[in-house]
Amino acid sequence: MSSVPNFTTETPPLARWRAIAVLAVLAIAVVWSLLVRGCSHDAPVDVQTVEQLAQQLDQRAAGRTVVIHPPWRDDVASLLRQARPKLDVRLAAPVQAGLPTGALALVRVGWSPGPGAFSTLSPIDRFAVADLAVDLYGTPVSAATGRGDRSLLLGDVAALQVQVEVGGRTIVCSDLDPNGPTHRCPSLPEWNHVGPHDLVIGGQNRHCLWAHPISGGRIIIDAPWPLSASRIRLFYGLADSAVGAPDGQPVTLELFAGDRKLGSYVQPNQPGYNEQLVALGEPASEKLRFVVSVTQDGARHFCLDAVAERGPTPVAPVLKLPQSSSQPAASQAASRSAP
Amino acid sequence: MMRRLLDRCWFWLLADRGRMLVALTLTLFVFVLLTSTLRSTGITDDDDFYAPAGIAYASHTGRVLTLDLRALTRAEVDRAFDQNHEHPPFAKWVMGVCYFLFHQWTHLLPALDAARMGVVLLATALAFMLALFAHAWRGPLAAVVAVVALFSMPRFFFHAHVATLDVPVACLYFATAYAFWRSRRSARWAAFAGVVFGLALLTKLNAPFALLPIVVFALVERWRAFARPEPGHFALPAIPLGLLSMLIVGPLLFVALWPRLWFDTIKRLGEYIAYHLNHYPIYFYYLGRLYEQPFAPWHAPFVMAFVTTPLILIAAAVAGLFGLRGLRDFFCARPAAAGAAEEGGHALYVLLHAFTTIGTVAFLGSPKYGGVKLFLPLFPFIALLVAAGVDIAVDAVLRLVPRLVARRDLVQVALGVLVLAPAAAVTLASHPFELSYYSAGVGGLRGATAIGFERQYYDVADKELAAWFNANAPQSATVHFEPNNKEYLKTYRWLARDGYLRNDINVTGNSSATYQVLTHERRWATYPDLATHYARSAVVYEKRIDGVPLYSVYAGP
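Residues numbered from 1 in each chain as written. Chains lettered and ligands numbered in written order. Predicted model: local features only at pLDDT ≥ 70, side-chain atom pairs only at ≥ 80, totals over all residues. Heavy atoms only, no water.

S.K.: Lay out the overall build of chain B with the relevant residues and their values.
M.R.: Assigned secondary structure in chain B consists of 23 helices and 7 strands. Over its C-alpha trace chain B gives a radius of gyration of 25 Å, about what one expects of a compact globule, namely 24 Å for 557 residues. Projecting the C-alpha coordinates of chain B onto the three principal axes gives extents of approximately 80 × 65 × 50 Å. Classification of the 557 residues of chain B by burial places 60% in the buried group. For chain B, the exposed surface amounts to about 21,900 Å²; the carbon and sulfur share of it is 67%. Looking at charge distribution, chain B has the averaged site of its 48 positive side-chain charges lying 7 Å from that of its 37 negative ones. (Helix = DSSP H or I, 4+ residues; strand = E, 2+ residues; numbered from the N terminus. Rg over C-alpha atoms; globule rule 2.2 N^0.38 Å. Buried < 20%, exposed > 50% of the residue type's maximum accessible area, 1.4 Å probe, protein only. Areas by Shrake-Rupley, 256 points an atom, 1.4 Å probe, with all protein chains shown as cover. Lys, Arg positive; Asp, Glu negative; His and termini not counted. Charge placed at Lys NZ, Arg CZ, Asp CG, Glu CD.)

S.K.: Describe the state of the cysteines, and please don't skip the residues or the numbers.
M.R.: In protein chemistry, a disulfide is the covalent bond that joins the sulfur atoms of two cysteines. Applying the stated criterion across every chain, the model contains 2 disulfides over all chains. The partner cysteine of Cys208 of chain A in its disulfide is Cys303 of chain A, sulfur to sulfur 2.1 Å. The sign of the 105° torsion about the S-S bond sets the Cys208 of chain A-Cys303 of chain A disulfide as right-handed. Remark: Cys303 of chain A occurs in strand S17 (residues 302-309) and Cys208 of chain A occurs in strand S10 (residues 204-211); sequence separation between them is 95 residues. There is no split in this pair, since Cys208 of chain A and Cys303 of chain A are both buried. Taken in sequence order, the bonded cysteines of chain A link in the pattern 1-2, 3-4. Cysteine Cys98 of chain B shares no disulfide, and the gap to the nearest cysteine sulfur, in Cys171 of chain B, comes to 12 Å. Residue classification places Cys98 of chain B among the buried positions, given a relative accessible area of 3%. For Cys171 of chain B, a relative accessible area of 3% gives the class buried. (Disulfide = S-S within 2.5 Å.)

S.K.: For the pairing of strand S13 (residues 251-257) of chain A, give the residues involved together with the corresponding values.
M.R.: All names here are of chain A. Taking burial as the measure, the 7 residues of S13 include 6 buried ones, the bulk of the element. Pairing of S13 with strand S14 (residues 260-267) involves 7 bridges; the strand directions are antiparallel. Within S14, the residue paired with Val251 across the bridge is Gln267. Where S13 lies against strand S16 (residues 288-294), 7 bridges are found, and the strand directions are antiparallel. Considered in S16, the bridge of Leu253 is made with Val292. (Pairing = 2+ DSSP bridges.)

S.K.: Can you lay out the environment of Phe263 of chain B for me, pointing to particular residues and giving the numbers?
M.R.: Residue and element names in this part refer to chain B. With respect to the helices, strands and loops of the structure, Phe263 is situated in the loop between helix H12 (241-256) and helix H13 (265-277). By relative accessible area, which is 18% here, Phe263 ends up buried. Spatially, the C-alpha atoms of Phe263 and Gly18 are 48 Å apart, while their sequence positions differ by 245 residues. Residue contacts for Phe263: discarding those within four places in its chain leaves Leu72, Thr73, Arg74, Val77 and Arg268. (Contact = heavy atoms within 4.5 Å.)

S.K.: So, the sheet that holds strand S6 (residues 539-545) of chain B: which residues are in play, and what are the values?
M.R.: The pairing of strands in a sheet comes from backbone hydrogen bonds and takes either a parallel or an antiparallel form. All names here are of chain B. Taking strand neighbours across the sheet as the criterion, the 5 strands line up as S4-S3-S5-S7-S6 in an open arrangement whose pairing is mixed. Each edge of the open sheet is held by one strand with a lone partner, namely strand S4 (506-507) and S6. As paired elements, strand S3 (residues 478-482) and S4 share 2 bridges and run parallel to each other. Bridged to Val479 within S4 is Val507. Running over the sheet, helix H22 (residues 485-497) touches S3, S4 and strand S5 (515-519) and is turned about 135° from S3. (Axes fitted to C-alpha atoms, helices over the stretch in contact; angles between N-to-C directions.)

S.K.: Can you tell me about the pattern of salt bridges, naming the residues and giving the values?
M.R.: Residue and element names in this part refer to chain B. Under the defined criterion, the tally for this structure stands at 31 salt bridges over all chains. Among the ionic pairs, Glu521 bridges to Arg523, the shortest N-O distance being 2.9 Å. Overlapping salt bridges bring together Arg63, Asp68, Arg70, Glu76 and Arg79 as one network. (Salt bridge = Lys/Arg side-chain N within 4 Å of Asp/Glu carboxyl O.)

S.K.: Tell me about the packing of aromatic side chains, and name the residues and values.
M.R.: All names here are of chain B. Tallied over the full model, the rule gives 42 aromatic pairs over all chains. Note on Tyr173 and Phe381: the rings are 6.0 Å apart at their centroids and 85° apart in plane angle, and the pair reads as edge-to-face. Taken together, the positions of Tyr173 in helix H9 (residues 166-183) and Phe381 in helix H18 (residues 378-400) put the pair 208 residues apart, joining distant regions of the chain. In terms of burial, Tyr173 and Phe381 fall into one category: buried. Considering the side-chain rings of Trp468 and Tyr515, the 5.5 Å spacing of their centres and the 75° angle between planes classify their relative orientation as edge-to-face. Of this pair, Trp468 sits in helix H21 (residues 463-472) while Tyr515 sits in strand S5; the two residues are 47 residues apart in sequence, bridging distant segments of the chain. Seen from the ring of Trp181, Arg184 lies directly overhead, with NZ or CZ sitting 4.0 Å from the centre. Sitting above the plane of the Tyr500 ring, Lys463 keeps its charged end 4.0 Å from the centroid. (Phe/Tyr/Trp six-rings, centres within 6.5 Å; stacked < 30°, edge-to-face > 60°. Lys NZ or Arg CZ within 6 Å of the ring centre and 35° of its normal.)

S.K.: Just give me the short version of the nonpolar core, but keep the residues and values in it.
M.R.: Within the largest apolar cluster, 181 residues are counted, with the highest numbers of intra-cluster contacts made by Phe151, Phe156, Phe375, Phe379, Leu384, Phe469 and Tyr492 of chain B. Apart from residues lying up to four places away in sequence, Leu384 of chain B is in contact with Leu130, Phe133, Ala134, Trp137, Ala146, Phe174 and Val350 of chain B. By size, the runner-up hydrophobic cluster in this structure holds 40 residues, among which are Leu160, Val162, Cys173 and Leu255 of chain A. (Core = buried A, V, L, I, M, F, W, Y, C linked by side-chain atoms within 4.5 Å.)

S.K.: Explain unusual backbone geometry to me, and be specific about the residues and the numbers.
M.R.: For the bond from His431 of chain B to Pro432 of chain B, the omega torsion is 0°, close enough to zero to count as cis. With respect to the element layout, Pro432 of chain B can be found in the loop between helix H19 (408-430) and helix H20 (444-451). The step from Glu482 of chain B to Pro483 of chain B runs through a cis peptide bond, and the omega angle for that step is 5°. With respect to the helices, strands and loops of the structure, Pro483 of chain B is situated in the loop between S3 and H22. The phi angle at Ser187 of chain A is positive, at roughly 75°, despite the residue not being glycine. Here Ser187 of chain A is to be found in the loop between strand S8 (183-184) and strand S9 (194-201). A positive phi angle is found at Asp459 of chain B, which is not glycine, with a value near 50°. As for its placement among the helices and strands, Asp459 of chain B is situated in the loop between H20 and H21.

Limitation: the analysis is restricted to geometry and does not speak to function.
This is the structure in structure tokens:
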């Protein structure tokens, strides 16, 4: 060794404490490693535990979609599907605007690596079946908010009717992608499709409906089911990666209920996921139409979503999306021109 | 008798030539370890970029060596070196030479494994230099601990097998650091430092950052030379010869040995720098959030290094920090404490390099992705800190239990085994899925998955899966991978070419293939929908680690 101290003499207290600290660090690492190995509360669930969970769900969530949160506990989802083949079990996307919230039972799976594994809880206590005590952003949602049933766009993408008007032609985008519910438009560029995407908008992951407009054209998206709501909560924005595009043109989103134009919203070349509450007055029963257009395309990665809501319109917004530090200004910048 | 034999061995180890013996023994150990685990290591998407490029470079060299002077024309140079020209050629060239050595001429190894031997050899060379440096710093135990610790880091161990540039640049970066260290007392090493730095520049972009800690170290070592000799004068310390050599020889070698730069030198250099200044973003899933652009936060490299290195090694490295000695003697250049100052110099040098190798990725606004691959040069320096930690722990035990002083050898062996055995065991146990290794600090792969780390990356074409297809797939079966099929189209061709996969099995872009494979990689935006889509399909084969699925195979469509 490089130096061999004379250990037979009295050692200074500092050196002694340093020696203790060095050995303590090593000891903690060894003990921690031993504790974690095989003892973690995160252990994959076993069939018996999931059967207990399924029985809880039979009582509390019959007929509803079950969302597993956090979304990466696919071991729970997988075994739950095996236990109840008819149960609709989904993994929650980390941020997913407009999931069919009211129809959900949320199963939150706890985790605690390390010595927390020595909890006295039984395995089933890892799960908390809740009637959506928190929404998928982790934001508390009280029952009084009247948050609606389902996303108007993402709930059944395949059933949407999509067409593009460009150069005097109307192209029906009925080519559904076999890998997923995406509407592709024959003879138009691949990016000119309409379908669910995960994009980073305003610094956050957003699950929304991709609708990249084409120069001088209009994407028309019809939700073919009758609307039964008293207001629409509209979400829209440009992907953060597209906002930096030089000369990026503003994208216009128009919303119609039947023949009525409900609003026109302009998304400038700025970041942010915008939220607009569109009051319908009386509960409307018309079908909704969304029209997306731009004068000049080029990295216009536009995405939108809409949720129908019932009940009286609140004075203040009922749901605040988590905002990145730059987002509030961007949201304000998004201009709205009411009809 | 036994005692005398031990004494003799000890004397041999402590003698100067013993240093070489220890280093060579460790090198041989690493070489055998890596070659014996080479064939079981899966194929990354990078293998298909770098191995073919390396073969093209080496072929070109062969033409030059056989005096085919047409090979020196611009058209021929560009034809060979335009492949993967966004990275310099040295490591790829080594892979290409190994391809000819171990496959084309001798048929010792399958084609891709032969190319990957280039990386194995560079990793082995790294082990040699690491052993020499550690031995000089803290003795033979440190040499053993440093080398074994480095190859007991699962991520580093994995990368030491695959045709990527990250272990090669770790090797050349360390070689540069080592050569400069030796150059402080040797003009020959000073000249060598320039050559090694040139080769490092020719390997990957991490290399030029080696200058930062070297310059800082040289300034700290010579700060007294700034003192004014007389009022009104200001003296600059002499530039170390090694540094001078690096600054002159390095860039010259960089241009001279990268044939693509022989033509349009300024323009192509500009393209090279511009490419890396504007590197396209790559998905990175970190703490439950997907990063593309803006890139992941500064702390991501530190957290990734912490969670993917065995906890006991991290603890030993921290212990090493506790006990670093001689820093003050080094700063103050106390002649009376030359030994301590030298030890302090070693410590400072290691710390500066450790911080630079990870700090450049963390703080310079560069993309962060691929776990720890972008800062692999960090890990040899971590291994040195581990070695220091074990050495310091030995001293600590002897300080607290003085009666063990006479049994120092025993304490050394016991602590070495205590630190290295668990790390080595988990590394070997995780092979060939080291990219899915997470330490006990986050509860292993299960905890890491729950917290929101990616459970694998690199689109690895796993050879266990290929073996399953060989045994179970019907004749002319097709396979489709999700979410990122395009990489497997290429890597599965290598598997078939090298005999790991039946020739009648093909990867197809058609999603109605005989088998659908879903790799559970959450950085892909399509993954949640795909997971839902496949949820009701029957799984016919699945790879799980600690219960966490890495990929699932479904009989399709």
